[in-house]
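A closer look at the structure
Each chain is listed here by its residues.
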Amino acid sequence: MREPRQYSARVITRMSELFVRTLRQDPADAEVPSHRWLVRAGYIRRAAPGIYSWLPLGYRVLRNVERIVREEMNAIGAQEVHFPALLPKEPYEASGRWTEYGEAVFRLRDRKGAEYLLGPTHEEMFTLLVKDMYSSYKDLPLSLYQIQTKYRDEARPRAGLLRGREFVMKDSYSFDIDDEGLAKSYATHRDAYIKIFNRLGFEYVIVHAMSGAMGGSASEEFLAIAENGEDTFVRSPGGYAANVEAVRITPPAPLPYDDAPRAHVEDTPDTPTIETLVNLANARLPRPDRPWQAADTLKNVVLMITEVDGSRHPLVIGVPGDRELDLRRLAAQLEPAEPEPFSDEDFAARPELVKGYLGPVRFDSSGERAAAVLGEESITKIRYLVDPRVVSGTRWVTGANEPGRHVFDLTCGRDFTPDGIIEAAEIREGDPAPDGSGPLTLARGIEMGHIFQLGRKYAEALGLKVLDQNGKLVTVTMGSYGVGISRAVAAVAEGTCDDKGLCWPPELAPFDVHVLAAGKDDLVTTAAADLSVRLDEAGVSVLLDDRTVSPGVKFADSEIMGMPTIVVVGRGLSDGVIEVRDRRSGEQIEVAVEDALGAILAAVHGPTRLG
Ligand code: ATP
Ligand code: MG
């Protein structure tokens, strides 16, 4: 049997008094079902883009998520603290994140002109607090957490609570004396996260992840599987799972090129795209062994990169022509710098970059290699990164840096030398898993939690050292672990709602039971109120719909609001029966009034709910 909720009130919550209005219309800005229903059911209200107020029903769900997270964090011995959201600039300057976070940080000044920020995440503050209080290996390991409001000026706040500019996060931090300790703290947190997400009741995957602006090494994300998710992840039958941002493909072995044919420039008029190029090559320059394919071409995409200090420079990325550049994968590799497509003005300002015919090498009129156009050693000084498939000895058809001309058999390592490799080409369904565990499938998800082995980045930047057994000062190693609390409310709503409304899993529902007094006469209202009191006394939280509106309105509202069990006290009462409905399955049974309490308790507590 479940523990009664911390909320199980002695006073029955009555719809006639509850601060709520359900809406018959979808809000205009709702992009996804969870957002639509949370607003329509009166759980949240928008205050500004990406900023929401919590109404009583929504706040109860939020607190239920917090309770689950708190219980599991306490269970691993993490201690709860609470930091301010309004933070001084200096620690973030010391770590470099004052600039790295760029426009995502809300910055403000006090009356004396001192600079502050609204915390987007709190690594610096935790590091400094521990530095302030602890000085010995005997004080470690230590895990601290908080449930705190975070602020990020997201470029695209969307989908209601899913991507807010103000949101609630649980963030915890582990402090260890050595790598072994960190690995242990990480594993402990990982187990706690598994328990948390199992209890929250959504389908999730644990995937390899990029560590982004946090820095650090090992990192995994917990993604709720959801069509509307912003993240794409891959899985293989052999158990490999990764966010596409973090996939590292296995590069082919380099090839010898001693016998490779010389590079030769060919006229390829009107071939600005890969498709037109491949068609022309097959028509006019057929290969003896097989037709030309898009994968034989090297597509060079030029981007404008903005560094954190605001400086801008072009970057060219070469990928096999059968693959698109994946902008999310690219952005994840370049973070905190930001890529943008090269605009027409950018091309106009760099006439040496011939749109549609860009390649790493320029040739003279006799077709001899004249100069490098891309890369450190080039005449343009533009950085040139290529897909890991572009290994030494691979031969390509690519732009010759003149309109209507391409070069064939341009050989990597012989004719051109990229500055490095970058994982920015799209990952496709059926691509091999990097660990050889089979073909990849792609799906979408919502990032619910993220765990990192931060290592010593913050401890070093902020001087968190303790004395070890030998009396020597050593830098502490840290982990950082986040759960999106408010995002979880939306993610659970998203995963459980149906075409009638919200449909909460029991552990998160604002109330266990929604009792509808579906009739006007006193018998009905008295019986409904009576039953509600008895349920409440039995430790079940009850929402009583005692309003003077029609039963139809009450039914519809109860479906929108989504309590797991709906009890209808109405017409059947004259025959001595009431109705118990399961919101999720729609299953309903009639029970005799005298058996009602037992039947409802069984529905609320039972694993199979009704029946
Ligand atoms: P995302 O990639 O979705 O922007 P993130 O990687 O920047 O998220 P973290 O810094 O890892 O986020 O934060 C920890 C958790 O906080 C995330 O796993 C997510 O559940 C939640 N979170 C992050 N940003 C938001 C947001 N804008 N709104 C709601 N929840 C968020
Ligand atoms: Mg993350």
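Residues numbered from 1 in each chain as written. Chains lettered and ligands numbered in written order. Predicted model: local features only at pLDDT ≥ 70, side-chain atom pairs only at ≥ 80, totals over all residues. Heavy atoms only, no water.

Its location among the elements puts lysine 465 in strand β25 (residues 465-467). Judged by its relative accessible area of 41%, lysine 465 is partly exposed. Along the sequence, lysine 465 and tyrosine 134 sit 331 residues apart, while their C-alpha atoms lie 8.8 Å from each other. (Helix = DSSP H or I, 4+ residues; strand = E, 2+ residues; numbered from the N terminus. Buried < 20%, exposed > 50% of the residue type's maximum accessible area, 1.4 Å probe, protein only.)

Near ligand 1 there are 15 residues, and of these Arg152, Glu154, Arg163, Gly164 and Glu447 occur at the shortest range. The separation between a nitrogen atom of ligand 1 and a polar main-chain atom of glycine 164 is 2.8 Å. Note that an oxygen atom of ligand 1 is positioned 3.3 Å from one of the backbone N or O atoms of glycine 484. Within the complex, the protein chains bury 88% of what would otherwise be the 580 Å² of accessible surface of ligand 1. Of all the elements in the fold, those that place two or more residues in the shell around ligand 1 are β9 (166-176) and β24 (441-455). Counting residues per element, the shell around ligand 1 draws most heavily on β24, which supplies four residues. Residues belonging to the shell around ligand 1 are distributed by class as follows: six nonpolar, four polar and five charged. (Near = heavy atom within 4 Å. Polar contact = N/O pair within 3.5 Å; in protein donor to acceptor, adjacent residues only side chain to side chain. Areas by Shrake-Rupley, 256 points an atom, 1.4 Å probe, with all protein chains shown as cover. Nonpolar A, V, L, I, M, F, W, Y, C, P; charged D, E, K, R; others polar.)

What follows concerns the sheet that holds strand β6 (residues 106-109). Sheets are built from strands paired through backbone hydrogen bonds, the pairs being either parallel or antiparallel. As summarised here, the arrangement of the three strands in space is β5-β7-β6, forming an open sheet in which the pairing is antiparallel. Only two strands of the sheet have a single partner each, and these edge strands are β5 (86-88) and β6. Neighbour to neighbour, the strand axes of the sheet diverge by 35 degrees on average, direction disregarded. When β5 meets strand β7 (residues 115-118), the two strands line up antiparallel, connected through three bridges. Residue leucine 87 lies in a different strand from β7, and its bridge partner there is leucine 117. (Pairing = 2+ DSSP bridges. Axes fitted to C-alpha atoms, helices over the stretch in contact; angles between N-to-C directions.)

What follows is about the coordination of the magnesium ion (ligand 2). For a metal with four donors in a tetrahedral arrangement, the ideal angle between donors is 109.5 degrees, while six donors in an octahedron ideally sit at 90 or 180 degrees. Bound to the magnesium ion (ligand 2) on the protein side are Glu447 (OE) and His450 (ND1), at distances that span 2.2 to 2.3 Å. The class of histidine 450 is buried, set by a relative accessible area of 10%. (Donors = N, O, S within 2.8 Å, 3.2 Å for Na, K, Ca; no water.)

This brings us to the domain arrangement of the protein chain. Assigned domains within the protein chain: domain 1 (13-29 + 511-605), domain 2 (57-85 + 119-247 + 441-494) and domain 3 (264-421). The C-alpha centroid of domain 3 is placed 66 Å from the C-alpha centroid of domain 1. (Domains from an automatic or database assignment.)

Moving on, we come to the pairing of strand β2 (residues 44-48). Relative to strand β3 (residues 51-54), β2 runs antiparallel, the two sharing four bridges. Within β3, the residue paired with arginine 46 across the bridge is tyrosine 52. Following β2, the chain reverses through two residues before pairing antiparallel with β3; glycine 50 in that reversal takes a positive phi of roughly 75 degrees.

We now examine the packing of aromatic side chains. Evaluated as defined, the whole model comprises 13 aromatic pairs. Aromatic side chains phenylalanine 83 and phenylalanine 126 sit 4.3 Å apart centroid to centroid with 40 degrees between the ring planes, which places their arrangement in the tilted category. On the criterion of sequence distance, the pair formed by phenylalanine 83 in the loop between β4 (79-80) and β5 and phenylalanine 126 in helix α5 (residues 123-133) is long-range, its members being 43 residues apart. In this structure phenylalanine 126 comes out as buried when scored by relative accessible area, which is 0%. The interplanar angle of 55 degrees and the centroid separation of 5.4 Å between the aromatic rings of tyrosine 193 and phenylalanine 222 together place this pair among those described as tilted. (Phe/Tyr/Trp six-rings, centres within 6.5 Å; stacked < 30°, edge-to-face > 60°.)

Put simply, helix α2 (residues 56-75) and helix α6 (residues 179-200) touch, their axes get as near as 9 Å, and they point 150 degrees apart. As judged from the angle between their axes, α2 and α6 are roughly antiparallel. Viewed along their axes, α2 and α6 form a crossing whose handedness is right-handed. For the pair α2 and α6, contact is made by Val65, Arg67, Ile68, Val69, Glu71, Glu72 and Met73 and by His189, Ala192, Tyr193, Lys195, Ile196, Arg199 and Leu200, respectively. Class assignment for the residues of the contact of α2 with α6 results in eight nonpolar, one polar and five charged. (Parallel < 35°, antiparallel > 145°, perpendicular 65-115°, else oblique. Left-handed = near helix turned anticlockwise from the far one by under 90°. Contact = heavy atoms within 4.5 Å.)

Once that is clear, we can look at the sheet that holds strand β28 (residues 513-517). With respect to topology, six strands assemble into an open sheet ordered β1-β29-β28-β30-β31-β32, the strand pairing being mixed. With one partner strand each, in any of the chains shown, β1 (13-14) and β32 (588-592) form the two edges of the open sheet. One ladder, built from four bridges, connects strand β30 (residues 565-569) with strand β31 (residues 577-582); its direction is antiparallel. For valine 568, the partnering residue across the bridge sits in β31 and is glutamate 579. Most of the contacts of helix α12 (residues 522-537) go to β28, to which it runs at about 165 degrees, and overall it touches β1, β28, β29 (542-545), β30 and β31. Packing of helix α14 (residues 596-605) onto the sheet brings it into contact with β28, β30, β31 and β32, and relative to β31 it is tilted by some 0 degrees.

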